[in-house]
Amino acid sequence: MSVYLDYNATTPVDPRVVETMLPYFSEGFGNASSIHSAGQHARAAVDAARESVARLVGTTPGEIVFTSGGTEADNLALLGTIAASGQTRKHVITTAIEHHAVLNTCQALEKQGIEVSYVRVGSEGIVDPDDVRRALRPQTILISVMHANNEIGTIQPVEEIGRIAAEADICFHCDAVQSTGKLRLDVNRLGADLLSISAHKIYGPKGVGALYVRPRTPLEPQSFGGHHERDLRPGTENVPGIVGLGKAADLALAHLEAEADRIASLRNRLEESLLDSVSDVRVNGDKIHRVSNTTNLTFAAAGGEALLIALDLEGIACSTGAACSSGAVEPSHVLTAIGLSDDEARSSLRFSLGRSTTAAEIDEAIRVIPRVVERIRAFSPRAATIIAR
Ligand code: PLP
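Predicted model, so just to flag it, every value in this text is computed and none were measured.

A. Region of the structure containing helix α2 (residues 37-57). Taking 1.5 Å as the rise per residue, α2 with 21 residues should run 30 Å; its terminal C-alpha atoms sit 30 Å apart, in good agreement. All of the buried residues along α2 are G39, A42, A45, V46, A49, R50, S52, V53, A54, L56 and V57. Considering only its buried residues, α2 is in contact with β2 (64-67), α7 (187-190), β7 (194-198), β8 (209-213) and α8 (239-277). Once α2 finishes, G58 follows within two positions and takes phi at roughly 80 degrees, a positive value.

Rendered as structure tokens:
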């Protein structure tokens, strides 16, 4: 039996999404910018998807810009805001636990002379809004804080941070890639001027996402071409992908609470059972303020990479950290930011459940994981001493 527990890395495309997309690869192939009826048919499909995405984030269709995914949405938000400021204000606030799509964009900005404050988080993996307030400077142009963390699932107090940004008249960007479909999104309640989402985390296709842009938010395009997407993101629209994102958004909205409850109870069963049956395990990050599908566990003195490979051989797929940086040897920046040592971070696994996860799969995971941890520890010369302490 193969058990996929890596839904935060990506999700399978829902068959209903595939079905909705298929015609746009063949008879509905038109270019949405063409005047003829084939073009108009594609345009209507893109417009309908824009309405669906707008509904998902609580806004109107004119405020949605389609992109090639969460990474591009984050890049456009950060780089576009700085470009629009004419670099007169030169300070950005973000957090130490953002996804690399934000962190590496901030590093690129630093090379251009922009100063960036990386607000720290405590052991629970949640940003303190007062720390964001304290980081404000007269030159601050943008605050970027994620909604839910991709590695430990913690939910950030974005509503409060949105209020702080509004009071200071500063643009607020929220990376909602990991909260979409897991938490109800409402850009007005969150106070977000810019908000990123990605289709492949919500059972849509890879390579498509969107940026919500509040009216009158200063933003400059970061690539140049035709007049697509309100001049903010040129290039012929990926019609099948956008249609897929629209359908995925409809499904996410229709089933959100029921799905979250079902998944939370499976996640809790997995977590409680592993805490019971394996020695020296601990849960990383706040257990209350986190999305329903994620648990990140440190198995003391069991190398995460070795565990991951051994579990994969037994048919269980999980992750040692952000999927986008797997292959990198550094320990997870999120786990070290919440106070884990490099060794502890390297002995941690993320299990993320999703729409297709079944009770039988969780039973299988509960059966296999303790055995594999024991085996990996038996091979680790350091395990005996660490666990004995
Ligand atoms: N932001 C977060 C929080 C993510 O988890 C990811 C993907 O893992 C991204 C951004 C990047 O999204 P995409 O894979 O669509 O580029």
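B. Representation of the site of the ligand. Residues in close proximity to the ligand total 14 residues, the closest being G70, T71, D175, S198 and K201. In the environment of the ligand, an oxygen atom lies 2.6 Å from a nitrogen or oxygen atom belonging to the side chain of T71. Measuring from an oxygen atom of the ligand, one finds a side-chain N or O atom of H99 at 3.3 Å. Surface burial for the ligand is 90%, taken as the share of its 390 Å² of free accessible area covered by protein chains. Split by residue class, the shell around the ligand holds 3 nonpolar, 8 polar and 3 charged.

C. Geometry of the packing of helix α3 (residues 70-84) against helix α4 (residues 100-111). With their axes 9 Å apart at the nearest point, α3 and α4 run at an angle of 30 degrees to one another. Classified by the angle between their axes, α3 and α4 sit roughly parallel to one another. Taken as a pair, α3 and α4 cross one another with a handedness that is right-handed. Listed contacts from α4 to T71, D74, N75, L78, L79 and I82 of α3 are A101, V102, T105, C106 and L109. Classifying every residue of the contact of α3 with α4 by side-chain character gives 7 nonpolar, 3 polar and 1 charged.

D. Quick look at the domain arrangement of the protein chain. The domain architecture assigned to the protein chain consists of domain 1 (3-9 + 256-387) and domain 2 (15-252). For domain 1 and domain 2, the distance between their C-alpha centroids amounts to 28 Å. In this structure, the connection of domain 1 to domain 2 is made through 1 salt bridge. Residues R184 and E257 are paired through a salt bridge, measuring 2.8 Å at the closest nitrogen-oxygen approach. Our enumeration of links across domain 1 and domain 2 arrives at 15 residue pairs in polar contact (both at pLDDT 80 or more).

E. How the structure looks around the side chain of R267. As for its position among the elements, R267 is in helix α8. Buried and unpaired, R267 has E271 as its nearest opposite-charge partner, separated by 4.6 Å. One polar contact links R267 to N268, side chain to side chain, over a distance of 2.8 Å. There is a polar contact of 2.7 Å between the side chain of R267 and the backbone oxygen of T294. Those residues in contact with R267 that lie beyond four places of it in its chain are R290, V291, S292, N293, T294, T295 and L353.

F. Representation of the nonpolar core within the structure. Membership of the largest hydrophobic core comes to 56 residues, with the highest contact counts inside it found for F66, I143, F172, L195 and L245. Here this core spans two domains, since at least three of its residues come from each of domain 1 (3-9 + 256-387) and domain 2 (15-252). Excluding residues within four positions of it along the chain, I143 makes contact with I93, V132, L136, I161, A165, I170, C171, F172 and H173.

G. Up close: a nonpolar patch on the surface. Taken together, V13, V18, L22 and F25 make up a surface patch of nonpolar side chains, about 340 Å² in accessible area. Relative to the assigned elements, V13 resides in the loop between β1 (3-4) and α1 (15-21). On the accessibility criterion, V13 (31% relative accessible area) is partly exposed.

H. Broad picture of helix α6 (residues 158-167). All of the buried residues in α6 are V158, I161, G162, I164 and A165. For α6, the buried positions fall inside an angular range of 160 degrees around the axis, keeping them on one side. In α6, the exposed positions angled more than 90 degrees off the buried face are occupied by A166 and E167. Where α6 is buried, its residues contact α5 (129-135), β5 (140-144), β6 (171-175) and α7.

I. Structural view of the sheet that holds β6. Spatial ordering of the open sheet is given by β2-β8-β7-β6-β5-β3-β4, a layout of 7 strands whose pairing is mixed. Only two strands of the sheet have a single neighbouring strand rather than two, namely β2 and β4 (115-119). For this sheet the average axis-to-axis angle between neighbouring strands, irrespective of direction, equals 20 degrees. The sheet contacts of α3 involve β2, β3 (91-95), β5, β6, β7 and β8, and relative to β7 the element is tilted by about 160 degrees.

J. Main features of the pairing of β6. Among the 5 residues that make up β6, 5 are buried, leaving the element largely enclosed by the rest of the structure. The side-chain alternation of β6 yields two buried faces, one formed by C171, H173 and D175 and the other by F172 and C174. For β5 and β6, the ladder comprises 3 bridges, and the chain directions are parallel. Its bridge partner being in β6, S144 is matched across the sheet by H173. Taking the sense of rotation as the criterion, the β-α-β connection linking β5, α6 and β6 turns out right-handed. In the sheet, β6 pairs with β7 via 3 bridges, with the strands oriented parallel. Bridge pairing in β7 links C174 to L195.

Quick notes on the rules
- All residue numbers refer to positions counted from 1 along the written sequence of the respective chain.
- Where local features are concerned, this predicted model is filtered to residues with pLDDT of at least 70; where side-chain atom pairs are given and counted, the filter is 80 or more; whole-chain, interface and lining totals use all residues.
- Just so you know, side-chain values use all the structure's heavy atoms and leave hydrogens and water out.
- We count a stretch as a helix when DSSP gives it H or I for four or more residues in a row; a strand needs E for two or more, and each element gets its number in order from the N terminus.
- Here the expected length of a helix is defined as 1.5 Å per residue gap, with one fewer gap than residues.
- For every residue, the accessible area (1.4 Å probe, protein chains only) is compared with the maximum for its type, and the residue is labelled buried under 20%, exposed over 50%, or partly exposed between those bounds.
- Between two residues, a contact is recorded if the distance between any of their heavy atoms is within 4.5 Å.
- In this text, near means that some heavy atom of the residue lies within 4 Å of the molecule or strand in question.
- Side-chain atoms alone can form a polar contact between residues adjacent in sequence; in general such a contact is a pair of N or O atoms within 3.5 Å, and within protein one must be able to donate a hydrogen while the other accepts it.
- Every accessible area reported is derived by Shrake-Rupley at a probe size of 1.4 Å, with residue values counting cover from the shown protein chains alone.
- Asp, Glu, Lys and Arg are counted as charged, while Ala, Val, Leu, Ile, Met, Phe, Trp, Tyr, Cys and Pro are counted as nonpolar; the rest, among them Gly, fall into the polar class.
- A fitted line through C-alpha atoms serves as each axis, taken over the contacting stretch for helices, and the angle formed by two N-to-C directions is quoted from 0 to 180°.
- These descriptions rest on fixed angle ranges, namely under 35 degrees for roughly parallel, over 145 for roughly antiparallel, 65 to 115 for roughly perpendicular, and the rest for oblique.
- Handedness of a crossing follows from how the near helix is turned relative to the far one, being left-handed for an anticlockwise turn of less than a right angle and right-handed for a clockwise one.
- An automatic or database domain assignment is the source of the domain bounds shown.
- Any Lys or Arg side-chain nitrogen found within 4 Å of a carboxyl oxygen on Asp or Glu counts as a salt bridge.
- In summary, the charge assignment counts Lys and Arg as positive and Asp and Glu as negative, without counting His or the chain termini.
- The criterion is simple. A nonpolar core is a set of buried Ala, Val, Leu, Ile, Met, Phe, Trp, Tyr and Cys residues joined through side-chain atoms within 4.5 Å.
- Nonpolar side chains (Val, Leu, Ile, Met, Phe, Trp, Tyr) are joined into patches within 5 Å and like charges within 9 Å, using only residues with over 30% relative accessible area and no salt bridge.
- This arc is built from the directions going out from the helix axis to the C-beta atoms.
- Strand pairing requires that DSSP identify at least two bridges connecting the strands.
- Every crossover in which the path from the first strand over the helix to the second runs clockwise, viewed with the strands pointing away from the viewer, is termed right-handed.

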